[in-house]
Amino acid sequence: MLENKRVSQWKRAGRWIPLAVLTILVLSAVAYRVASGSGVKRQVAEIKARRLPVSPEELDLWYRRVPATSNAALAYLEAYSFFVQPGTNNPNEMKVKLALGEPLPAELNTAIDAHLAKNRETLEQLHAAAALPESRYPIDLTKGFETLLPHLAYLKSMAFLLQWEAINQSARGNRPEALRAIKTAFALARTLEGEPLLISDLVRIAIIAINLPAVERVVSEQELSDAELGELMDLLARTETSGADALKRAMIGERALGMAAFNMDFRMFEALSLDASTGLDDFSDLLKVGLFEARRVLGATDRDLGYYITRMTEYERATEKEFPEMLREAQLVSEKVESEVPQNRIRYLISGMLLPSLSVAAKKEAVLAGQLRCARLALAAERFRLAHERFPDARELVPTYITAIPDDPVDGAPLDLEILEGSLGAKGTGIRVESLATTAVNKKGTKSTNLPEVAFTILRKAKSSSGEKRDGAEEHKITSSGDH
């Protein structure tokens, strides 16, 4: 009798065990969900405390509106309305290498002339727009990743147009017009500095890179005055400084857009992940939907969002550093992402889609900074040559012609200043500055062999018609070092 009673008690107790286990699981899930949500709320509050956007709507307000009368962006869009495509004889697509110190190939020169002739009105509009002080393109960032950005393609087309105008005017000996084209191209790039999107910042970098070879050619072909050279140096220095700010704004903007992506439904997730590998690739469609929604209910999506905010904020903090520390810090963040995300594809499902594409931004900014610094040092050497009729030792440039020898943004070592003599033959003498470390970063990890060197060269023709060199025939190299 007693034994039967004990069995009955155990049976009754056994009925509660599944319920107790279920209760523990539910409470654990709720605790996980609450903890995840609380962590994200703290992160969002910290960003808001710094008066930075945390959503597409806030980002749209953060991208400052400017009066139409002073808005260069609107004027550049108006200029593009006059733009005529080059057609079949497109100088941008000709596989012709422009050799510094050599005249333009006849076929290319013909194509450039035709392209510029079709776009005289466009060019006049571009030069007029360059005088306007502010910029905001008419885009609606509240649409998040669906925001349309047609102006980016327009700007690249006009950047090439200005490059060809500078080169063409220099070949004709029209120094003022060549310099005006260069300044307008840099003003065109400047209109994207405030646009808080990574793709916009990359186009800004591309516009400058497109036109730096034109600067190199104009300075080599024309004897610019000290004032003109100084003005170009100031322009390059301002471009580098504002570029660092633009990259930071781009990271802030990408974070705000990315945070909204964690609220997307499965349909939008599938649309965004068409060209990307995700942690759900091996599951059936029905199971994909179930796992995606389960992540949201159980708080895993919040944990994913917290990870995304953490890494994006680390990227943002990295952009506040000076080179080369900025590059090192950004690389450390990228290495974290590259090691953590592949091992936790489900946990970082959305972060894994958004974060990897950001890893190249700091490298591209470093490459551009290297190009700008090479150009500034070469221009300083040209200023010295004007005053002394010879090329300088790097130590002679400081502080009269440049405040300090620029460092390579990759390794922090002073840039090399190389005097070119003898080996150039009839081309004359010149000066070359090359950023060796940055060139290595530019070419690392790519299959392309056509990437430009991170360098700036100025060639000068000998004064005498007999081809006699100005300073002798020996070629030598001066390396800038810490004793300057």
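A brief structural summary. It should be emphasised that the depicted structure is a prediction, and the values quoted were computed from it without experimental measurement.

### Let's talk about the overall build of the protein
Here is step 1 of the chain: Within the protein one finds 16 helices and four strands.
Here is step 2 of the chain: Out of the 484 residues in the protein, the part that is buried amounts to 48%.
Here is step 3 of the chain: Residue pairs at least 24 apart in sequence account for 78% of intrachain contacts in the protein once pairs closer than 6 positions are excluded.
Here is step 4 of the chain: On the protein, roughly 23,900 Å² of surface is accessible, and the fraction owed to carbon and sulfur atoms is 55%.

### A few points about the nonpolar core
Generally speaking, soluble globular proteins have nonpolar side chains that are buried together.
Here is step 1 of the chain: Judged by nonpolar contacts, the single largest core of 82 residues is most densely connected at Y76, F186 and L397.
Here is step 2 of the chain: Among residues more than four places away in sequence, those in contact with L397 are L377, A380, A381, F384, P392, I402 and L417.
Here is step 3 of the chain: Counting residues in each nonpolar core, the second largest holds 45 residues, with I47, M264, F292 and M353 among its members.

### Focus on the packing of aromatic side chains
Centre distance and the angle of the planes are the two values used to describe a pair of aromatic rings.
Here is step 1 of the chain: Tallied over the entire structure, the rule returns five aromatic pairs.
Here is step 2 of the chain: With a centroid separation of 3.9 Å and an interplanar angle of 20 degrees, the aromatic rings of Y307 and Y348 are classed as stacked. On the criterion of sequence distance, the pair formed by Y307 in helix α12 (residues 300–318) and Y348 in the loop between α13 (325–340) and α14 (351–354) is long-range, its members being 41 residues apart.
Here is step 3 of the chain: Considering the side-chain rings of F384 and Y401, the 5.6 Å spacing of their centres and the 70 degrees angle between planes classify their relative orientation as edge-to-face. Taken together, the residues span a long stretch of sequence, with F384 in helix α15 (residues 361–388) and Y401 in the loop between α15 and β1 (416–420) at a distance of 17 residues.
Here is step 4 of the chain: A connected cluster of aromatic rings, assembled from ring pairs, spans Y80, F83 and Y154.
Here is step 5 of the chain: Sitting over the face of the ring of W62, R249 holds its NZ or CZ atom 4.2 Å from the ring centroid.

### Structural notes on the packing of helix α8 (residues 198–221) against α15
Here is step 1 of the chain: Here α8 crosses α15 at 25 degrees, and the two axes come no closer than 10 Å. As the angle between them shows, α8 and α15 are arranged roughly parallel. Relative to α15, the crossing made by α8 is left-handed. Between α8 and α15, the contacting residues are L198, D201, L202, R204, I205, I208, A209, L212 and V219 on the first element and A361, K364, E365, L368, Q371, L372 and L379 on the second.
Here is step 2 of the chain: For the contact of α8 with α15, the per-class residue count stands at eleven nonpolar, one polar and four charged.

### Some remarks on the pairing of strand β2 (residues 429–434)
Here is step 1 of the chain: Summarising burial for β2: six of the six residues are buried, a large majority.
Here is step 2 of the chain: Of the two faces of β2, the one lined by T429, I431 and V433 and the one lined by G430, R432 and E434 are each fully buried.
Here is step 3 of the chain: Note: β1 against β2, five bridges, orientation antiparallel. From the neighbouring strand, L420 faces β2, where its bridge partner is G430.
Here is step 4 of the chain: Summarising the sheet, β2 and strand β3 (residues 455–460) pair through six bridges and their orientation is antiparallel. Across the sheet, the residue bridging to V433 is F456, located in β3.

### A closer look at helix α5 (residues 120–129)
Here is step 1 of the chain: Buried residues of α5: T122, L123, L126, H127 and A129, and no others. Across the axial projection of α5, the buried residues extend over an arc of 160 degrees, all falling on one side. Counted as exposed and oriented over 90 degrees from the buried face of α5: R120 and A128.

### Regarding the packing of helix α3 (residues 72–80) against helix α6 (residues 151–171)
Here is step 1 of the chain: Contact geometry for α3 and α6: axes closest at 10 Å, N-to-C directions at 70 degrees. When the axis of α3 is compared with that of α6, the two are roughly perpendicular. Where α3 crosses over α6, the two elements pack in a sense that is left-handed. Of α6, the residues touching α3 (which contributes Y76, L77, A79 and Y80) are H151, Y154, S157 and M158.
Here is step 2 of the chain: Considered class by class, the residues forming the contact of α3 with α6 number six nonpolar, two polar and no charged.

### Describing the side chain of S200
Here is step 1 of the chain: Position of S200 among the secondary structure elements: in helix α8.
Here is step 2 of the chain: In this structure the side chain of S200 is engaged in a polar contact, spanning 2.6 Å, whose partner is the side chain of E195.

### Structural notes on the pattern of salt bridges
Here is step 1 of the chain: Under the defined criterion, the tally for this structure stands at 30 salt bridges.
Here is step 2 of the chain: Among the ionic pairs, R175 bridges to E228, the shortest N-O distance being 3.2 Å. Of this pair, R175 sits in helix α7 (residues 175–190) while E228 is found in helix α9 (residues 226–261), placing the two residues 53 residues apart along the sequence.
Here is step 3 of the chain: When its relative accessible area of 18% is taken as the criterion, E228 is described as buried.
Here is step 4 of the chain: We note a salt bridge from E382 to R385, for which the minimum N-O separation is 2.8 Å. With E382 and R385 both in helix α15 and three residues apart, this pair spans about one turn of that helix.
Here is step 5 of the chain: Judged by its relative accessible area of 1%, E382 is buried.
Here is step 6 of the chain: Here R385 falls in the buried class, since its relative accessible area comes to 4%.

### Notes on the environment of E314
Here is step 1 of the chain: Turning to its location among the elements, E314 is positioned in helix α12.
Here is step 2 of the chain: Sequence separation between E314 and S334 is 20 residues, and the spatial gap between their C-alpha atoms is 9.9 Å.
Here is step 3 of the chain: Discounting chain neighbours no more than four positions away, the residues touching E314 are V333 and K336.

Definitions and cut-offs
- Residues numbered from 1 in each chain as written.
- Predicted model: local features only at pLDDT ≥ 70, side-chain atom pairs only at ≥ 80, totals over all residues.
- Heavy atoms only, no water.
- Helix = DSSP H or I, 4+ residues; strand = E, 2+ residues; numbered from the N terminus.
- Buried < 20%, exposed > 50% of the residue type's maximum accessible area, 1.4 Å probe, protein only.
- Contact = heavy atoms within 4.5 Å.
- Areas by Shrake-Rupley, 256 points an atom, 1.4 Å probe, with all protein chains shown as cover.
- Core = buried A, V, L, I, M, F, W, Y, C linked by side-chain atoms within 4.5 Å.
- Phe/Tyr/Trp six-rings, centres within 6.5 Å; stacked < 30°, edge-to-face > 60°.
- Lys NZ or Arg CZ within 6 Å of the ring centre and 35° of its normal.
- Axes fitted to C-alpha atoms, helices over the stretch in contact; angles between N-to-C directions.
- Parallel < 35°, antiparallel > 145°, perpendicular 65-115°, else oblique.
- Left-handed = near helix turned anticlockwise from the far one by under 90°.
- Nonpolar A, V, L, I, M, F, W, Y, C, P; charged D, E, K, R; others polar.
- Pairing = 2+ DSSP bridges.
- Arc of directions from axis to C-beta.
- Polar contact = N/O pair within 3.5 Å; in protein donor to acceptor, adjacent residues only side chain to side chain.
- Salt bridge = Lys/Arg side-chain N within 4 Å of Asp/Glu carboxyl O.

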